[in-house]
Amino acid sequence: MMHYTLFGESHGPAVGVLLTDVPPGLPLDEAFIREQLLRRMGQGGLTTARQEKEEVHFLSGVYRGRTTGDPLAAVIYNGDVRSADYDSLKHKPRPSHGDYTAAVRALGCNDPRGGGHTSGRLTAPLTVAGALAITYLKTAHIAVHADVLDEEALRARAAAAKADGDSVGGVIRCTVSGLPAGLGGPDWRDTVEGTIARHVFAIPAVKAIGFGAGETFAQMRGSAANDPFTVARGAVRTATNHAGGVNAGVTNGMDVVFDVTFRPTPSIAKEQRTVDLYTMTETTISVSGRHDACIALRAAPAVESAAALAVCQLLPDVPSDLNGLRQRLDETDAAILELFDRRQRLSAAIGAYKSAHGLPVRDKAREAEVLRTRGDMLPERRDQAERLMTLLMALSREEQA
């Protein structure tokens, strides 16, 4: 649910997002979207001086204030661009920025203005998509919130760095509350930490993420790190939450808590060494223009958005009403019948081979192996799986004959 693709460039006509698998009937809370975008803009003179109107235009997927369930496209037009600031950097990548890797990846055809598609500007449409995801999660009584850790002290450090033509990094803590136990899985495709991290690491400048106690686990003993189980209001809970609400890649019913580390802004006024990609000689640059002294100070909405979109993909995709459940059952039946037809065609081919080579239709040893292995694939429903396979093999023999 809520799969998304961000598009656009920092100094292109617009940035936007395409959302698919959006639940129909979701109210479009434009006030909340605006609030999240204003938080992302930051304040206090330590963030970029670039001022965009951040007006969101919904091109599809919305009708009369609610989502239709069809692909949703939203764009934010760029206005306050100063592309000339980047003219001298076209062939001189900023150290630790995405300039060099973007140029290599695009065979030199990337848009270098303001970082192009690798710019933090793309967190604006991410915030729009995240606001929709947060609105949906509220219907399931799930809340997502992020804050800058030690913000006052971080602002003081950022101000000192800015005065010196430099920048600083910071940490944002995100909490997802209301998740039931049992979401996710131990496999790399399903882990809660992996799903969240995959989304969060797509935010520019994120370099680390730690769940619960995070890196401090390395200094703890097991007796201190373990979270004792207890019972609260009839539900299993833990007395502490060092694990950050996740055990073995699966939610345990506690708040999912993680810290996101942002690196210092790569674009700084201090002189830095780089390479002129046109002449392939070493040189130096000093980056002018409008840049954040600390990206983390306005990144909390982006972290919330990434987390909310990740959680949407962790939730079971099951409708709550009878008609919706029956529709999903009909879709599943159609898929089963398509696979059944494919299986019967394979059975017919096997029958033709057996006939050509004088082999009997029935092979009891093979059937026993099929029952055993298919039962192993679904041990919690072994009896039902074996009965289903017995019927399917009987139909297969009928097709072969």
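Provided above is the structure to which this section pertains.
Description of the structure in this document. All residue numbers here refer to positions counted from 1 along the written sequence of the relevant chain. Totals for whole chains, interfaces and linings use every residue, but because this is a predicted model, local features are given only for residues with pLDDT of at least 70 and side-chain atom pairs only at 80 or more, for both listing and counting. Where side-chain values are given, they derive from all heavy atoms of the structure, hydrogens and water being excluded.

Remarks on the sheet that holds strand S6 (residues 72-77)
To be explicit about the condition: One bridge is not enough; two strands pair if DSSP finds at least two bridges between them. Each helix is a run of DSSP H or I of at least 4 residues and each strand a run of E of at least 2, with the numbering of both proceeding from the N terminus. With axes taken as lines fitted to C-alpha atoms, and helix axes fitted only over the stretch in contact, angles between N-to-C directions fall between 0 and 180 degrees. The contact definition used throughout considers only heavy atoms, calling two residues in contact when any of these lie within 4.5 Å.
Spatial ordering of the open sheet is given by S1-S2-S6-S3, a layout of four strands whose pairing is antiparallel. Strands at the two margins of the open sheet, each flanked by one partner only, are strand S1 (3-8) and strand S3 (56-60). On average, each strand axis in the sheet is inclined to that of its neighbour by 20 degrees, with strand direction left out of account. The strands touched by helix H3 (residues 123-139) within the sheet are S1, strand S2 (14-20), S3 and S6, with S2 carrying the most contacts at an inclination of about 30 degrees.

Some remarks on unusual backbone geometry
Basically, it comes down to this: Exposure categories follow from relative accessible area, calculated using a 1.4 Å probe and restricted to protein chains: below 20% of the type maximum is buried, above 50% is exposed, and the middle band is partly exposed.
Unlike most non-glycine residues, Arg-64 shows phi in positive territory, near 55 degrees. On the basis of relative accessible area, Arg-64 is assigned to the exposed category, the value being 73%. At Met-280, a position not held by glycine, the phi torsion is positive, near 55 degrees. Take Met-280: it is sitting in the loop between strand S15 (272-276) and strand S16 (281-285).

Topic: the sheet that holds strand S7 (residues 143-148)
What the four strands build is an open sheet, ordered S7-S8-S14-S9; its pairing is antiparallel. For this open sheet the edge positions go to S7 and strand S9 (206-211), each flanked by a neighbour on one side alone. This sheet shows a mean twist of 20 degrees between the axes of neighbouring strands, independent of strand direction. Here S7 pairs with strand S8 (residues 170-177) via six bridges, running antiparallel. By the bridge assignment for S8, Asp-147 is matched with Arg-173.

Quick look at the packing of aromatic side chains
Given two aromatic rings, one states the distance between the centres and the angle between the planes to describe the pair. Short version of the rule: Two rings belonging to Phe, Tyr or Trp (six-membered ring only in the last case) form a pair when the distance between their centres is within 6.5 Å. Interplanar angles under 30 degrees mark stacking, angles over 60 mark edge-to-face geometry, and anything in between is tilted. In our convention, an over-ring charge means Lys NZ or Arg CZ found within 6 Å of a ring centre and within 35 degrees of that ring's normal.
Following the criterion strictly, the structure yields one aromatic pair and no others. In this structure, Lys-138 packs its charged tip against the face of Phe-32, placed 4.5 Å from the ring centre.

Thoughts on the environment of Arg-173
Relative to the helices and strands, Arg-173 is located in strand S8. In this structure Arg-173 comes out as partly exposed when scored by relative accessible area, which is 37%. In sequence terms Arg-173 and Val-260 are 87 residues apart; their C-alpha atoms lie 6.3 Å from each other.

Some remarks on the pairing of S2
The element S2 is largely enclosed, with a buried count of five among its seven residues. As defined by bridge partners, S1 adjoins S2 across six bridges and the pair is classed as antiparallel. Bridge pairing links Gly-8 to Val-15 in S2. From the end of S1 to the start of S2, which pair antiparallel, there are five residues. Sheet analysis places S2 next to S6, joined by six bridges and oriented antiparallel. Bridge pairing in S6 places Ala-14 opposite Tyr-77.

Focus on the nonpolar core
Let me state the cut-off plainly: We call a set of buried Ala, Val, Leu, Ile, Met, Phe, Trp, Tyr and Cys residues a nonpolar core when their side-chain atoms join them within 4.5 Å.
By size, the foremost hydrophobic cluster in this structure holds 69 residues, and its most contacted members are Met-2, Leu-137, Phe-258, Phe-262 and Val-303. Per-element accounting of this core gives the leading share, 11 residues, to helix H7 (residues 300-314). Contacts of Phe-258, omitting those with residues within four sequence positions, involve Ile-172, Arg-173, Cys-174, Val-176, Ile-196, Val-200, Ile-209, Gly-210, Phe-211, Val-303 and Ala-307.

A word on the environment of Thr-274
Rules: Whenever a nitrogen or oxygen atom comes within 3.5 Å of another N or O atom, the pair is scored as a polar contact, on the condition that within protein one atom can donate a hydrogen and the other can accept it, and that pairs from neighbouring residues in sequence are kept only if both atoms are in side chains.
By the element assignment, Thr-274 lies in strand S15. Taking relative accessible area as the criterion, Thr-274 reaches 10% and is therefore assigned buried. A sequence separation of 182 residues divides Thr-274 from Lys-92, and the C-alpha atoms of the two residues are 6.5 Å apart. Contacts of Thr-274, omitting those with residues within four sequence positions, involve Lys-92, Pro-93, Thr-281, Glu-282, Thr-283, Thr-284 and Ile-285. Side-chain polar atoms of Thr-274 contact the backbone oxygen of Pro-93, separated by 2.6 Å.

What to know about the packing of helix H5 (residues 192-200) against H7
Rules: Comment on the angle field: the value is read as roughly parallel under 35 degrees, roughly antiparallel over 145, roughly perpendicular from 65 to 115, and oblique elsewhere. Two helices cross in a left-handed way if the nearer one is turned anticlockwise from the farther one by less than a right angle. They cross in a right-handed way if the turn is clockwise. Gly counts as polar in this scheme, as do all residues outside two lists: the nonpolar Ala, Val, Leu, Ile, Met, Phe, Trp, Tyr, Cys and Pro, and the charged Asp, Glu, Lys and Arg.
With their axes 8 Å apart at the nearest point, H5 and H7 run at an angle of 140 degrees to one another. Relative to H7, the element H5 lies oblique. Like other packed secondary-structure pairs, H5 and H7 cross with a definite hand, here right-handed. Counted together, Val-192, Thr-195, Ile-196, Arg-198, His-199 and Val-200 of H5 and Ala-306, Leu-309, Ala-310, Gln-313 and Leu-314 of H7 form the full contact between these two elements. Of the residues belonging to the contact of H5 with H7, the class tally is seven nonpolar, three polar and one charged.

As for the pattern of salt bridges
Heads up, the rule is: For salt bridges, the criterion is a side-chain nitrogen of Lys or Arg within 4 Å of an Asp or Glu carboxyl oxygen.
Taken as a whole and assessed by the stated rule, the structure comprises 19 salt bridges. Arg-39 is the partner of Glu-304 in a salt bridge, and the nearest nitrogen-oxygen pair spans 2.9 Å. Here Arg-39 lies in helix H1 (residues 30-41) and Glu-304 lies in helix H7, a separation of 265 residues in the sequence. Among the salt bridges present, the one from Asp-376 reaches Arg-372, with a minimum N-O distance of 3.8 Å. With a gap of four residues between them, Asp-376 and Arg-372 both fall in helix H9 (residues 364-377), about one helical turn apart. Ionic contacts of the salt-bridge type, sharing partners, join the residues Arg-372, Asp-376, Arg-382 and Glu-386 into one network.

Keep in mind these numbers describe shape, not what the thing actually does.
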